[in-house]
Amino acid sequence: MLSILKNAGSGSTTYYVGDNIQHISHLSNCTLYCKTEFDGLDSVTRIVVEDPQLEFYKLSHKVEFPYTFNNTYIKGENCNIHPTAVIGYGVVIGDNVTIGPNSVIYSKTQIGSGTRIDANCTIGTEGMMWVWDGDVKVFLKQLGGVKIGDNCIIGSNSAIVRGSANELTILEDGVNIAPGCMIGHGTFIGKQTHLANNVSTGGSSYIAEYCFIGSSAVVSPGTIISVSDVTLGSGGVMAKSIDESGVYVGVPAKLLKKTEGKLRGMPQWRN
């Protein structure tokens, strides 16, 4: 099984492009594509290559592609799935779920109870991750999935990219995504966080619970918003990780003010 580095377990295959053994010290009983012959990883099969990422991407094309559409999925009670919606093989749908017209739900997707997915959404689509092989692009076949919690709302014309390898893109309970949002692979969005219209998140980004991301804002790839009660203003670009609550604005986004309690015009998250 192909694995991202942090999820690599026994029997998996992963890659690492650096030279710091501390970054891979958690590995055991797996196969590692790497640039350096590391010592002290006796249970790890090391395959030393010039470009580990490229070799890993090539390997992904040898895995049987499991994303098919044959209407064989698991559905809970009292669901309202529009007849024009397309549901992938093995999708798991909870109770009281609504899926609107022309939405597409790819395989390896879980949808929690009470969640609503509006028209023209794509859940679990494949993103575009690639590296150069000479003058040719080699794309990573993304083999992960999507997990959506209970009582979420996914507004129309939104897209959620599935995780890479054995990774999930995760929306926790009560997440609201307004129309036109684009969620990158491996993104984590904490419970009750709200994304306004046309927000984009880069791959492997993290947004904690009870945050508010304004219209057309961007959370850059790999950026971590590790604390709750963060507001990112409309059009802002969160380009580096933060660990302090407050209102952030601008490009790149900077802290405008610290806040305590309810912000004017923002949702009342807690009683």
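Once a new chain begins, its residue numbering starts again from 1 and follows that chain's sequence as written. A pLDDT threshold of at least 70 governs which residues receive local features in this predicted model, and a stricter bar of 80 or more applies before side-chain atom pairs are shown or counted, although totals over entire chains, interfaces and linings include all residues. To get the side-chain values, take all heavy atoms of the structure and skip hydrogens and water.

What about the pattern of salt bridges?
Note on definitions: salt bridges are taken to be side-chain nitrogens of Lys or Arg within 4 Å of carboxyl oxygens of Asp or Glu. As enumerated under the stated definition, the model contains six salt bridges in all. In this structure, the salt-bridge partner of D118 is R116, at a minimum N-O distance of 2.8 Å. One salt bridge connects R162 with E126, and the closest N-O pair in it is separated by 3.5 Å. Of the two residues, R162 sits in the loop between β17 (159-161) and β18 (168-171) while E126 sits in the loop between β12 (122-125) and β13 (130-133), which places them 36 residues apart along the sequence. Linked through salt bridges whose partners overlap, the residues forming this network are E126, K141 and R162. Starting at the N terminus, helices and strands are each numbered in turn, a helix being any DSSP run of H or I of at least four residues and a strand any DSSP run of E of at least two.

A word on unusual backbone geometry
In the segment running from V251 into P252, the intervening peptide bond is cis, with an omega of -5°. Although it is not a glycine, K108 sits at a positive phi angle of roughly 65°. Relative to the helices and strands, K108 resides in the loop between β9 (104-105) and β10 (109-111). A 1.4 Å probe rolled over the protein chains alone gives each residue an accessible area, and that area as a share of the maximum for its type sets the label: buried under 20%, exposed over 50%, partly exposed in between. Looking at K108, the relative accessible area reads 39%, which means it is partly exposed.

Brief notes about the sheet that holds strand β5 (residues 80-81)
Sheet architecture is open: ten strands sit in the order β5-β8-β11-β16-β19-β22-β25-β28-β30-β31, paired in mixed fashion. Two strands bound the open sheet, and with one partner strand each, they are β5 and β31 (254-257). Pairing between strand β28 (residues 230-232) and strand β30 (residues 246-249): three bridges, direction parallel. Paired with L232 across the bridge in β30 is Y248. If DSSP finds at least two bridges between two strands, the strands pair.

Some remarks on the side chain of T193
Here T193 is to be found in the loop between β21 (188-189) and β22 (194-195). By relative accessible area, T193 is classed as buried at 0%. We call two residues contacting when some pair of their heavy atoms lies within 4.5 Å. Those residues in contact with T193, other than ones at most four positions away along the chain, are G174, V175, N176, I207, A208, E209, Y210 and C211.

Observations regarding a nonpolar patch on the surface
Patch membership is restricted to residues that have no salt bridge and whose relative accessible area is over 30%. Joining uses 9 Å for like charges and 5 Å for the nonpolar side chains Val, Leu, Ile, Met, Phe, Trp and Tyr. Using a 1.4 Å probe, accessible areas were evaluated by the Shrake-Rupley method; residue-level cover was limited to the displayed protein chains. Judged by side-chain polarity, M128, W130, W132 and F139 come together as a nonpolar surface patch covering roughly 460 Å² of accessible area. Tracing the backbone through its elements, the reader meets W132 in strand β13.

Description of the pairing of β13
The pairing of β13 with strand β14 (residues 136-139) spans four bridges and is antiparallel. When the bridges of β14 are listed, V131 appears paired with V138. Where β13 folds back onto β14 in an antiparallel hairpin, the turn is made up of two residues, including G134, whose phi is positive at roughly 70°.

Points about the sheet that holds strand β27 (residues 224-225)
The sheet built from eight strands is open, its strands ordered β4-β7-β10-β15-β18-β21-β24-β27 with parallel pairing. Strands at the two margins of the open sheet, each flanked by one partner only, are β4 (74-75) and β27. Bridge analysis of strand β24 (residues 206-207) against β27 gives two bridges, and the strand direction is parallel. What sits directly across from Y206, in β27, is I224.

Quick notes on the packing of aromatic side chains
Centre distance and the angle of the planes are the two values used to describe a pair of aromatic rings. Ring geometry is summarised as follows: Phe, Tyr and Trp rings, the Trp one being its six-membered ring, pair when their centres sit within 6.5 Å, and such pairs are stacked at plane angles under 30 degrees, edge-to-face over 60 and tilted between the two. In total, this model carries six aromatic pairs according to the counting rule given. Arranged with centres 4.8 Å apart and planes meeting at 45°, the rings of Y15 and F56 form a pair that is tilted. Here the residue Y15 occupies a position in strand β1 (residues 13-15), and F56 occupies one in helix α1 (residues 52-60), the gap between them amounting to 41 residues. Using a relative accessible area of 3% as the deciding quantity, one classes F56 as buried. Counting as a charge over the ring demands two things of the Lys NZ or Arg CZ atom: a distance within 6 Å of the ring centre and an angle within 35 degrees of the ring normal. Here R162 stacks its cationic end above the ring of Y67, 3.7 Å away from the centre of that ring. Across from the ring centre of Y106, 5.6 Å away, lies the NZ or CZ of R162, which sits over that ring.

Description of α1
For α1, the complete set of buried residues consists of P52, L54, F56, Y57 and S60. As for α1, its buried residues are in contact with β1, β2 (31-34), β13 and β14.

Thoughts on the nonpolar core
Core analysis: the biggest nonpolar cluster contains 39 residues, and I93, I99, I123, I177 and I225 have the highest contact counts within it. Contributions of two or more residues to this core are made by β15 (145-148) and β28. When residues no more than four places from it in sequence are discounted, the contact partners of I123 are V104, I105, Y106, T109, I117, V146, I148, I154 and I160. Among the nonpolar cores identified, the runner-up in size contains twelve residues, and I4, F56, V131 and L140 belong to it. Working definition of a nonpolar core: buried Ala, Val, Leu, Ile, Met, Phe, Trp, Tyr and Cys residues. They are joined through side-chain atoms within 4.5 Å.

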